[in-house]
Amino acid sequence: MKENQNLRPPLYGKLMWRQVQHLLLNLPVGVLGFAVTSVLLVAGLGLSVTVIGLPLLAFGLGVSRSLGALGRRRSALVLGTPPVIAPPARITRPGAAGRVTAQITDSLSWRSALYCLVMVPWGILSFVLTLVLLVIGWPILPWAMRFLFATDRVLTDSLLMPSALSERVRELEDDRGVVVDTAAADLRRIERDLHDGAQARLVALAMDLGLAKEKLTEDPAAATVMVDAAHGEVKLALQELRDLARGIHPAVLTDRGLDAALSAVAARCTVPGGVTVHVDLPDRPASAVEGIAYFTVSELLTNISKHARATTATVEAWRSDDRLILQVKDDGHGGATPHPNSGLAGLTDRVTAVDGLLLIDSPTGGPTTVTVELPWHTRTHRS
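Here the structure is a predicted model, which is why all the values come from computation and not from measurement.

Engineer: What am I meant to see in the nonpolar core here?
Structural biologist: Nonpolar side chains in soluble globular proteins tend to end up buried together. By size, the foremost hydrophobic cluster in this structure holds 33 residues, and its most contacted members are Val275, Leu301, Ile304 and Leu374. For this core, the secondary structure elements donating two or more residues are α10 (258–268), β1 (275–280), α11 (287–308), β2 (313–320), β3 (323–330), α12 (343–353) and β5 (368–375). Look past the residues within four positions of Leu301 in its chain and what remains in contact with it is Val265, Ala266, Cys269, Val275, Val315 and Val328.

Okay, here's the thing in C-alpha cells:
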C-alpha cells in the first residue's frame, strides 16, 4: 500500500499546474478561435451563392480543423501523451473542386468549428473558476482542477476526436486500395508471363508446324525432325501454362484443401533438409481465406529458398477461435525485415487488407518465425 501511495502524483505537483495553465489559456484560445471561425464561416455561408462563397467556407472549416488539432495537442501536453493525429479530409474528386467538397462534407471539420464556438463560454467559465480557486480555494484546488480538466477532456474527445466509424471506413478504403493495386499487379504479371512464355512458344510452334507442312512432301525426314521439335515445344508450353495456372489458383487447393496444397508447395521447396508441414483444421475455411493462406505460405517458402540459407523449415496451420493461424519457421541466418517495396512488405499489405496480421521474429543469426493471422470465415457450399 505504501508503494502505491508513493507512486501517486503529489496533489500540488506538476500535473495540477499544467491543468491550471491549460484552463487559464482556454479563454484567449477560445476567443481567438471563435473570432476567426465565426467570421470565416458567416462570410462563407453568406457568400455561398457566389463563386467565392464555398471556397471561403471550405477555408474556414480548414482553419477550424487546424484549431481543433491545436486543442488536441494542448490536452495531450497536459497528460504527457502524444496527440491524436486526425486523418485528412477524404478527397472524392480531383482538383480544387474535390478539395472544397471534401472539406465541406467532412464531419470532423464541422465538429471542430462547433468546438471553436463552444470554447468561448467554456473558456470564460473555466478561466473564472480557475482564477477564483487560485485566490481563495487553495484547499480544494487539486480536486477542482481534476474535475474541470476532466470536463474539458470530455468536450475535446466528443468534438475533436475522429469517430470510430469514420476511422473504420477510412481503414477499409485504404485496404480496398491495396487489394485493387495487388489485383492489378497480378493481372499485369499474368499478362507478362503469358506474353513472354506460353504465347511466344505457341507462336514459334505455329511457325515450325507451317514449315514442317511445306517440307512434308519435299523432305519427309526434315519434316519429321521439325514435328518432333514442335512436340517438345508443346510439352514446354503446357508445363508453363500449368505453372501459370498453379500461380493463379492451384487445382489441388480447390480439390483437396489447404493441407494438400501446402504439402505440394513444401515438396517443391529447395530447402536441403526439407519442409515439415502440419495442418490441424477441423474444416476448410472460405475459399478467399484459403487462397490468401496458400499464397502467403508459398511466398514465404520461396523467400526461404532464395535468401535464408536455411537447412530445414516447418509450416504449421491451425484455427484459434475465429482466426486462422499460420506459422512458418526456418533455421536460416535471420535478419528478415519488411523493407519498402520488398516481398515481405507486399505480403504484409495483402494480409492487412483482409483484417489480418503478419508478425516477423527474425533476429540476426536466426532462426526466423513468421506468424500470420487471418480472419476465419466458414466455407459455404458456393465456396
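That was the structure; now back to the text.
Engineer: Where do I start with the sheet that holds strand β4 (residues 357–361) in this structure?
Structural biologist: Strand pairs in the sheet, formed through backbone hydrogen bonds, run parallel or antiparallel to each other. Spatially, β1-β2-β3-β5-β4 is the arrangement adopted by the five strands of the open sheet, whose pairing is mixed. The open sheet has two edge strands with one neighbour each: β1 and β4. Averaged over all adjacent pairs, the angle separating strand axes in this sheet is 10°, with direction ignored. Contacting β1, β2 and β3, α10 runs over the sheet at an angle of about 175° to β1. Against the sheet, α11 makes contact with β1, β2, β3 and β5, and its axis sits at roughly 10° relative to β3, the strand it touches most.

Engineer: Can you help me understand the environment of Ser362 in this one?
Structural biologist: Mapped onto the elements, Ser362 comes out in the loop between β4 and β5. Its relative accessible area of 13% is what places Ser362 among the buried residues. Separated by 27 residues in sequence, Ser362 and Gly335 place their C-alpha atoms 5.3 Å apart. When residues no more than four places from it in sequence are discounted, the contact partners of Ser362 are Gly334, Gly335, Ala336, Pro367 and Thr368. Within the structure, the side chain of Ser362 is placed 2.9 Å from the backbone nitrogen of Gly335, a separation counted as a polar contact. Only 2.7 Å separates the side chain of Ser362 from the side chain of Thr368, close enough to count as a polar contact.

Engineer: Help me understand unusual backbone geometry, please; the structure alone is not making it clear to me.
Structural biologist: Negative phi is the rule for most residues except glycine; trans is the rule for most peptide bonds. The residue Asp321 is not glycine, and still its phi comes out positive at about 55°. Here Asp321 shows up in the loop between β2 and β3.

Engineer: Honestly, the pairing of β5 in this entry has me stumped. Any pointers?
Structural biologist: Along a regular strand, successive side chains alternate from one face of the sheet to the other. The buried count for β5 comes to seven of eight residues, which makes it a mostly enclosed element. When β3 meets β5, the two strands line up antiparallel, connected through eight bridges. Note on β5: the bridge partner recorded for Asp330 is Thr368. Pairing analysis gives five bridges linking β4 to β5, with the strands arranged antiparallel. Across the sheet, residue Leu359 finds its bridge partner in β5, namely Thr371. Linking two consecutive strands that pair antiparallel, namely β4 and β5, is a turn of six residues; a positive phi of about 100° is found at Gly365 within it.

What counts as what
- Residues numbered from 1 in each chain as written.
- Predicted model: local features only at pLDDT ≥ 70, side-chain atom pairs only at ≥ 80, totals over all residues.
- Heavy atoms only, no water.
- Core = buried A, V, L, I, M, F, W, Y, C linked by side-chain atoms within 4.5 Å.
- Buried < 20%, exposed > 50% of the residue type's maximum accessible area, 1.4 Å probe, protein only.
- Helix = DSSP H or I, 4+ residues; strand = E, 2+ residues; numbered from the N terminus.
- Contact = heavy atoms within 4.5 Å.
- Pairing = 2+ DSSP bridges.
- Axes fitted to C-alpha atoms, helices over the stretch in contact; angles between N-to-C directions.
- Polar contact = N/O pair within 3.5 Å; in protein donor to acceptor, adjacent residues only side chain to side chain.

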